[in-house]
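Chains, contacts and geometry: an overview
Okay, here's what each chain looks like letter by letter:
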Amino acid sequence: MFAKINGMGLYGMNAFPVCAEISTSGGSVPSFDIVGLADTSVQESRMRIRSALKNSSIAVKPLCTVVNLAPASIKKTGSLYDLTILTAILAAQDIIKTDVNDCAFFGEVSLGGDVNPINGALTLTIAAREHGIKKVFLPFANAREASVAEGTEVYGVRNIRELALHLMGESYIEPQKPFIPDFESASELLDFADVKGQENVKNALEVAAAGFHNILIIGTPGTGKSMLSKRLPSILPRMSFEESLETTQIHSVAGVLDTKNPLVTTRPFRNVTHTASAVGLIGGGSIPKPGEISLAHNGVLFLDELPEFDRRTLETLRQPLENGEINITRAGGKASYPCKIMLVAAMNPCPCGNFGHPTKLCACNEYKVQAYLGKISQPVLDRIDIQIEAAPVSYNEISDKEKGEPSIEVLKRVEKAREIQARRYAGTAIKSNADIPAGSLQEICVLASDAAVTLKNAFEKLGLSARAYDRILKVSRTIADLDGKDIIEKRHISRAIQYRSLDKKYWRSN
């Protein structure tokens, strides 16, 4: 007997159609072989399927069975092919009575016959829809997640007996109701109103949020660098459905998705410590998984105590920050993950933290300060649009009983600036001012005559790089948007230049 069943394969975020072709024949010694460039985890499905069929009281004839996972030229990894192969066995032995030509099956089968959840269910379902699949059968735990993909009927399978009865036409599985996300109900976020003083840093974070710019905050310990950074999500605009879908797929592939809330509706805030390795930060492994920078896609990657990170680890961020994408190549193939992020970094000015403090003495000599700051290279600094200094908070500021401006008011200004950008970039791939390509800068960032003179003088006096010049233009465009101006004025460009001065103050002077 011969049968074919549709399935899906996954490598990184690249999903592709797989067809389980099965041929059975009689023989004195029953056998079960899997071909089609299947790795060890796929080969082990034979034991899982045999045990699952036995423990689910599904009787199959002991035959010589050969399963080919086509296309045979692509390596198959993981346990998601279990359900595809098992359904193919049921089809080859005439147990299936319904038409399954427009269906796809994927999931891991346990020894007892349960269907266990897998990673990447949403990506697999979207890819299946794009290849003409009308119905997908997958683990019940993944059904809500997969139902987000419109245009496909999703059937959550608890165990293989339930699947067999459905395919035999004896008892039917109800299709999963589409999950409707709630973008309106915001999660509990920390509020800027709780922060005393630091108005200059708050203003810089507002600009960063409005244009999705990278930002570095430098200051002595206790100035509120981390406190301010962790409140940034409260002034970020809500995610669009497309952004939510992109981010959810990454979290699904990584296996960190919340099954109760299977769609990421709030912008990620990934707080990474300096103990993170390069693989943990950008992704990798024998079967490449997304790292923290991809898990922060469409949101914030927060690196506290920036100089404490390994320098080589920080250098791996250079290309992803520039291109918004991670490419990981292994012998088994190439995996690509998007990483359009806002990088937020915080650091002390020296190892003891008191360099530049108005009252406390710095215990570090010049060499120590140089070595500490030297852990961050100029190419990495050039990719940070805004650099701001957090000064120590005075007694009057910290003892003031009045609360600061709440995040909701700042968010209104940020969203207004984002609306201006949305209209400006409608019909293009640009989403925010931080994404403006170099070839479009002169057209989009139109300077008033005095603003152009100010920028020229700053470029020559500060010895700015070409990348720093581009970043200043992008930041000034955002400041002008917040001000509701089409033309970038001198005050806008002056403020953007101030946001690029700290690397000259700390790195050049030391």
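A brief report on the enclosed structure follows.

Analysis parameters
- Residues numbered from 1 in each chain as written.
- Predicted model: local features only at pLDDT ≥ 70, side-chain atom pairs only at ≥ 80, totals over all residues.
- Heavy atoms only, no water.
- Helix = DSSP H or I, 4+ residues; strand = E, 2+ residues; numbered from the N terminus.
- Buried < 20%, exposed > 50% of the residue type's maximum accessible area, 1.4 Å probe, protein only.
- Contact = heavy atoms within 4.5 Å.
- Areas by Shrake-Rupley, 256 points an atom, 1.4 Å probe, with all protein chains shown as cover.
- Lys, Arg positive; Asp, Glu negative; His and termini not counted.
- Charge placed at Lys NZ, Arg CZ, Asp CG, Glu CD.
- Pairing = 2+ DSSP bridges.
- Axes fitted to C-alpha atoms, helices over the stretch in contact; angles between N-to-C directions.
- 1 Å grid on protein atoms, 1.4 Å probe; cavity = no way out; pocket = protein on both sides within 12 Å on 5 of 7 lines; lining within 4 Å.
- Points joined across faces, edges and corners; volume = space filled by probe spheres on them.
- Nonpolar A, V, L, I, M, F, W, Y, C, P; charged D, E, K, R; others polar.
- Polar contact = N/O pair within 3.5 Å; in protein donor to acceptor, adjacent residues only side chain to side chain.

On to the overall build of the protein chain. When helices and strands are counted, the protein chain shows 22 helices and 18 strands. Summarising its shape, the C-alpha atoms of the protein chain cover approximately 90 × 50 × 45 Å along the three principal directions. With 510 residues in all, the protein chain has 52% of them scored as buried. Intrachain contacts of the protein chain at a sequence separation of at least 6 include 74% that bridge at least 24 residues. Accessible surface computed for the protein chain: about 22,700 Å², of which carbon and sulfur atoms make up 52%. Put simply, the protein chain has 59 plus and 57 minus side-chain charges, and the middle of one group is 3 Å from the middle of the other.

Attention now moves to the sheet that holds strand 18 (residues 386–390). Two orientations exist for strands paired in a sheet by backbone hydrogen bonds: parallel and antiparallel. Taken in spatial order, the five strands of this open sheet run 11-14-17-10-18, and their pairing is parallel. Single-partner strands in this sheet number two, and they are strand 11 (269–272) and strand 18. With strand direction ignored, the average angle separating the axes of adjacent strands in the sheet is 15°. Sheet analysis places strand 11 next to strand 14 (residues 300–303), joined by four bridges and oriented parallel. Considered in strand 14, the bridge of Phe-269 is made with Val-300.

Moving on, we get to the layout of surface pockets. Space inside the largest pocket adds up to approximately 830 Å³. Considering the residues around the largest pocket, the lining is formed by 41 residues, among which Phe-212, Arg-418, Lys-431, Ser-432 and Asp-435 are closest to the centre. Broken down by secondary-structure element, the contributors of at least two residues to the lining of the largest pocket are helix 9 (241–254), helix 13 (318–323), helix 17 (407–424) and helix 20 (466–482). Per-element tally for the lining of the largest pocket: the top contributor is helix 17, with five residues. For the lining of the largest pocket, the per-class residue count stands at 15 nonpolar, nine polar and 17 charged.

Here we take up the environment of Thr-123. By secondary structure assignment, the location of Thr-123 is in helix 4 (residues 121–130). Its relative accessible area of 4% is what places Thr-123 among the buried residues. Sequence separation of Thr-123 and Glu-145 is 22 residues, and the distance between their C-alpha atoms is 9.8 Å. When residues no more than four places from it in sequence are discounted, the contact partners of Thr-123 are Leu-10, Met-13, Ala-15, Gln-249 and Val-253.

Position of His-357 relative to the elements: it lies in the loop between strand 17 (342–347) and helix 14 (366–373). From its side chain, His-357 meets the backbone nitrogen of Lys-360 in a polar contact 3.0 Å long. What His-357 contacts, discounting residues up to four positions off in sequence, is Thr-220 and Pro-392.

What follows deals with the environment of Thr-316. By secondary structure assignment, the location of Thr-316 is in the loop between helix 12 (311–315) and helix 13. The exposure class of Thr-316 is partly exposed, given its relative accessible area of 25%. Along the primary structure Thr-316 and Arg-383 are separated by 67 residues, whereas in three dimensions their C-alpha atoms are 12 Å apart. Excluding anything up to four places from it in sequence, Thr-316 contacts Ala-278 and Ile-282. Of note is the side chain of Thr-316, whose polar atom sits 2.4 Å from the backbone oxygen of Thr-313.

To continue, consider unusual backbone geometry. Here the residue pair Ala-70 and Pro-71 is connected by a cis peptide bond, since its omega of 0° sits within 30 degrees of zero. You can see Pro-71 is positioned in the loop between strand 4 (64–70) and helix 3 (82–92). At Leu-37, a residue that is not glycine, the phi angle is positive and equals roughly 55°. Note on placement: Leu-37 falls in the loop between strand 3 (31–35) and helix 1 (40–43). Since its relative accessible area comes to 47%, Leu-37 is described here as partly exposed. Despite not being glycine, Phe-212 shows a phi value in the positive range, around 60°. Within the secondary structure, Phe-212 sits in the loop between helix 7 (199–211) and strand 10 (215–219).

Next up on the list: helix 4. Of all 10 residues making up helix 4, eight are buried, and the element is well covered by its neighbours. Buried within helix 4 are the following residues: Ala-121, Leu-122, Thr-123, Leu-124, Thr-125, Ile-126, Ala-127 and Ala-128. Next to the buried residues of helix 4 lie strand 1 (2–11), strand 2 (14–25), strand 8 (135–139), helix 5 (143–146), strand 9 (153–157) and helix 9. Immediately downstream of helix 4, the backbone of Gly-132 shows phi near 85°, a positive value.

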